[in-house]
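Given next are the chains, with one letter for each unit.
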Amino acid sequence: MRHTQRKGDIGKAMGISTFTKLGYDVATLLTESAAYDLIVDDGHELYRVQTKYTTGKEVDLRHIHSNTKGYITKKIDKIVYDWLYIYRADGVEFLIKNCPINQSTITPQEKDILSKVIGENPNG
(Lines give C-alpha, C1' and ligand atoms only; values in the text may rest on other atoms or scores of the structure.)
Protein backbone atom coordinates (compact mmCIF):
# COMPACT_ATOMS: atom_id res chain seq x y z
CA MET A 1 0.00 0.00 0.00
CA ARG A 2 1.27 3.45 -0.83
CA HIS A 3 2.32 5.76 1.99
CA THR A 4 -0.18 8.47 0.97
CA GLN A 5 -3.04 5.97 1.13
CA ARG A 6 -1.95 4.93 4.62
CA LYS A 7 -1.98 8.56 5.75
CA GLY A 8 -5.48 8.94 4.33
CA ASP A 9 -6.57 5.83 6.23
CA ILE A 10 -5.21 7.30 9.48
CA GLY A 11 -7.05 10.60 8.95
CA LYS A 12 -10.32 8.82 8.23
CA ALA A 13 -9.98 6.44 11.19
CA MET A 14 -9.18 9.27 13.59
CA GLY A 15 -12.15 11.27 12.30
CA ILE A 16 -14.48 8.31 12.86
CA SER A 17 -13.09 7.82 16.36
CA THR A 18 -13.33 11.48 17.35
CA PHE A 19 -16.82 12.13 16.02
CA THR A 20 -18.05 8.90 17.64
CA LYS A 21 -16.51 9.87 21.01
CA LEU A 22 -18.29 13.23 20.73
CA GLY A 23 -21.64 11.46 20.42
CA TYR A 24 -22.25 11.82 16.71
CA ASP A 25 -23.41 9.00 14.47
CA VAL A 26 -20.89 8.39 11.69
CA ALA A 27 -21.44 6.70 8.34
CA THR A 28 -18.70 5.63 5.96
CA LEU A 29 -18.99 5.36 2.20
CA LEU A 30 -18.91 2.16 0.20
CA THR A 31 -17.23 3.83 -2.76
CA GLU A 32 -14.14 5.98 -3.28
CA SER A 33 -15.68 8.27 -5.90
CA ALA A 34 -17.25 10.84 -3.56
CA ALA A 35 -15.42 14.06 -2.69
CA TYR A 36 -15.89 13.37 1.03
CA ASP A 37 -15.03 10.49 3.34
CA LEU A 38 -17.69 10.44 6.07
CA ILE A 39 -21.23 11.48 6.83
CA VAL A 40 -21.67 12.85 10.35
CA ASP A 41 -25.12 13.05 11.93
CA ASP A 42 -25.51 15.44 14.87
CA GLY A 43 -29.14 14.46 15.42
CA HIS A 44 -30.43 17.46 13.49
CA GLU A 45 -28.40 17.58 10.26
CA LEU A 46 -26.10 15.44 8.15
CA TYR A 47 -22.64 16.77 7.26
CA ARG A 48 -20.39 15.56 4.46
CA VAL A 49 -16.89 15.42 5.95
CA GLN A 50 -13.58 15.32 4.09
CA THR A 51 -10.80 13.91 6.28
CA LYS A 52 -7.10 14.74 5.98
CA TYR A 53 -3.91 13.69 7.75
CA THR A 54 -0.82 15.86 7.85
CA THR A 55 2.65 15.70 9.31
CA GLY A 56 3.26 19.42 8.81
CA LYS A 57 1.48 22.71 9.09
CA GLU A 58 0.00 22.81 5.58
CA VAL A 59 -2.64 20.42 4.30
CA ASP A 60 -2.87 19.54 0.62
CA LEU A 61 -6.43 20.10 -0.61
CA ARG A 62 -5.99 19.02 -4.20
CA HIS A 63 -7.91 16.06 -5.55
CA ILE A 64 -5.41 13.61 -7.01
CA HIS A 65 -6.40 10.54 -8.97
CA SER A 66 -4.97 8.43 -11.74
CA ASN A 67 -6.20 7.22 -15.07
CA THR A 68 -4.59 5.61 -18.11
CA LYS A 69 -2.66 8.82 -18.84
CA GLY A 70 -1.16 9.11 -15.34
CA TYR A 71 -1.96 11.28 -12.34
CA ILE A 72 -4.46 14.12 -12.54
CA THR A 73 -4.40 16.89 -9.95
CA LYS A 74 -7.29 19.33 -9.53
CA LYS A 75 -8.21 22.06 -7.11
CA ILE A 76 -11.68 21.93 -5.59
CA ASP A 77 -13.70 24.44 -7.60
CA LYS A 78 -17.14 24.09 -5.95
CA ILE A 79 -18.56 23.11 -2.58
CA VAL A 80 -18.27 19.33 -2.40
CA TYR A 81 -18.25 18.80 1.39
CA ASP A 82 -19.49 20.61 4.49
CA TRP A 83 -16.69 20.07 7.01
CA LEU A 84 -12.96 19.52 6.67
CA TYR A 85 -11.51 17.38 9.49
CA ILE A 86 -7.73 17.42 9.82
CA TYR A 87 -5.70 15.10 12.02
CA ARG A 88 -2.13 16.26 12.53
CA ALA A 89 0.59 13.71 13.38
CA ASP A 90 1.16 15.34 16.79
CA GLY A 91 -2.44 14.49 17.77
CA VAL A 92 -3.99 17.93 17.27
CA GLU A 93 -7.35 17.80 15.49
CA PHE A 94 -8.88 20.61 13.47
CA LEU A 95 -12.35 21.19 12.07
CA ILE A 96 -13.01 23.74 9.37
CA LYS A 97 -16.73 24.16 8.80
CA ASN A 98 -16.56 24.95 5.11
CA CYS A 99 -15.12 23.67 1.88
CA PRO A 100 -12.15 25.83 0.82
CA ILE A 101 -12.57 26.54 -2.89
CA ASN A 102 -9.76 27.11 -5.43
CA GLN A 103 -6.99 26.55 -2.88
CA SER A 104 -4.15 24.06 -3.21
CA THR A 105 -3.37 24.02 0.49
CA ILE A 106 -4.69 25.25 3.81
CA THR A 107 -2.92 25.96 7.09
CA PRO A 108 -5.26 25.30 10.02
CA GLN A 109 -5.19 27.98 12.71
CA GLU A 110 -5.51 27.91 16.49
CA LYS A 111 -9.19 28.93 16.12
CA ASP A 112 -9.79 25.77 14.04
CA ILE A 113 -8.82 23.33 16.80
CA LEU A 114 -11.71 20.90 16.98
CA SER A 115 -12.58 21.42 20.66
CA LYS A 116 -12.82 25.18 20.09
CA VAL A 117 -15.08 24.73 17.06
CA ILE A 118 -17.62 22.25 18.44
CA GLY A 119 -16.82 22.05 22.17
CA GLU A 120 -15.61 19.09 24.14
CA ASN A 121 -18.96 17.26 24.01
CA PRO A 122 -21.66 18.97 21.93
CA ASN A 123 -24.30 16.29 22.54
CA GLY A 124 -23.76 15.69 26.25
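Residues numbered from 1 in each chain as written. Predicted model: local features only at pLDDT ≥ 70, side-chain atom pairs only at ≥ 80, totals over all residues. Heavy atoms only, no water.

Caption draft 1: Expanded view of the sheet that holds strand β7 (residues 83-88). With respect to topology, five strands assemble into an open sheet ordered β1-β2-β3-β7-β8, the strand pairing being mixed. Because the sheet does not close on itself, it has two edges, and the strands there are β1 (25-28) and β8 (93-96). Each adjacent strand pair in this sheet contributes to an overall mean axis angle of 30°, direction not counted. In the sheet, β1 pairs with strand β2 (residues 38-41) via four bridges, with the strands oriented antiparallel. Bridging from a neighbouring strand, V26 pairs with V40 of β2. (Pairing = 2+ DSSP bridges. Helix = DSSP H or I, 4+ residues; strand = E, 2+ residues; numbered from the N terminus. Axes fitted to C-alpha atoms, helices over the stretch in contact; angles between N-to-C directions.)

Caption draft 2: Summary view of the packing of aromatic side chains. Throughout the structure, instances matching the rule amount to six aromatic pairs. Aromatic side chains Y24 and W83 sit 6.3 Å apart centroid to centroid with 70° between the ring planes, which places their arrangement in the edge-to-face category. With a gap of 59 residues between them, Y24 in the loop between α1 (3-21) and β1 and W83 in strand β7 connect regions that are remote in the sequence. For the pair Y24 and W83, one class covers both residues: buried. Taken together, the ring pairs in this structure connect F19, Y24, Y47, W83 and Y85 into an aromatic cluster. (Phe/Tyr/Trp six-rings, centres within 6.5 Å; stacked < 30°, edge-to-face > 60°. Buried < 20%, exposed > 50% of the residue type's maximum accessible area, 1.4 Å probe, protein only.)

Caption draft 3: The side chain of D112, seen in detail. Turning to its location among the elements, D112 is positioned in the loop between β9 (105-106) and α2 (114-118). With residues near it in sequence (within four places) discarded, D112 still touches E93, F94, L95, I96 and V117. (Contact = heavy atoms within 4.5 Å.)

Caption draft 4: Expanded view of the environment of S104. The residue S104 is located in the loop between β8 and β9 in this model. Each C-alpha atom, one on S104 and one on E58, is 9.8 Å from the other, the two residues being 46 residues apart in sequence.

Caption draft 5: Focus on the pattern of salt bridges. Counted by the stated rule, this structure contains four salt bridges. A salt bridge links E110 to K116; its shortest N-O distance comes to 2.7 Å. In this structure E110 comes out as exposed when scored by relative accessible area, which is 53%. (Salt bridge = Lys/Arg side-chain N within 4 Å of Asp/Glu carboxyl O.)

Caption draft 6: How the structure looks around unusual backbone geometry. One non-glycine residue, N102, lies in the positive phi region at around 55°. Position of N102 relative to the elements: it lies in the loop between β8 and β9.

Caption draft 7: View of the confidence of the model for the chain. Here the chain shows a mean pLDDT of 87. Residues at 70 or above account for 90%. Averaged pLDDT values over the elements of the chain bottom out at 68 in strand β5 (residues 63-67) and peak at 98 in β2. (pLDDT = per-residue confidence, 0-100.)

Caption draft 8: Molecular detail of the side chain of D42. Summarising the element assignment, D42 is placed in the loop between β2 and β3 (46-54). Buried and unpaired, D42 has K97 as its nearest opposite-charge partner, separated by 7.2 Å. Here the side chain of D42 touches H44 through a polar contact of 2.7 Å, landing on its backbone nitrogen. At 3.5 Å, the side chain of D42 and the side chain of Y47 are in polar contact. (Lys, Arg positive; Asp, Glu negative; His and termini not counted. Polar contact = N/O pair within 3.5 Å; in protein donor to acceptor, adjacent residues only side chain to side chain.)

Caption draft 9: The arrangement of the nonpolar core in detail. Formed by 14 residues in total, the largest nonpolar core has its most connected members in F19, Y24, V49, W83, Y85 and L95. Judged by nonpolar contacts, the second largest core, of 12 residues, contains V59, L61, I76 and F94. (Core = buried A, V, L, I, M, F, W, Y, C linked by side-chain atoms within 4.5 Å.)

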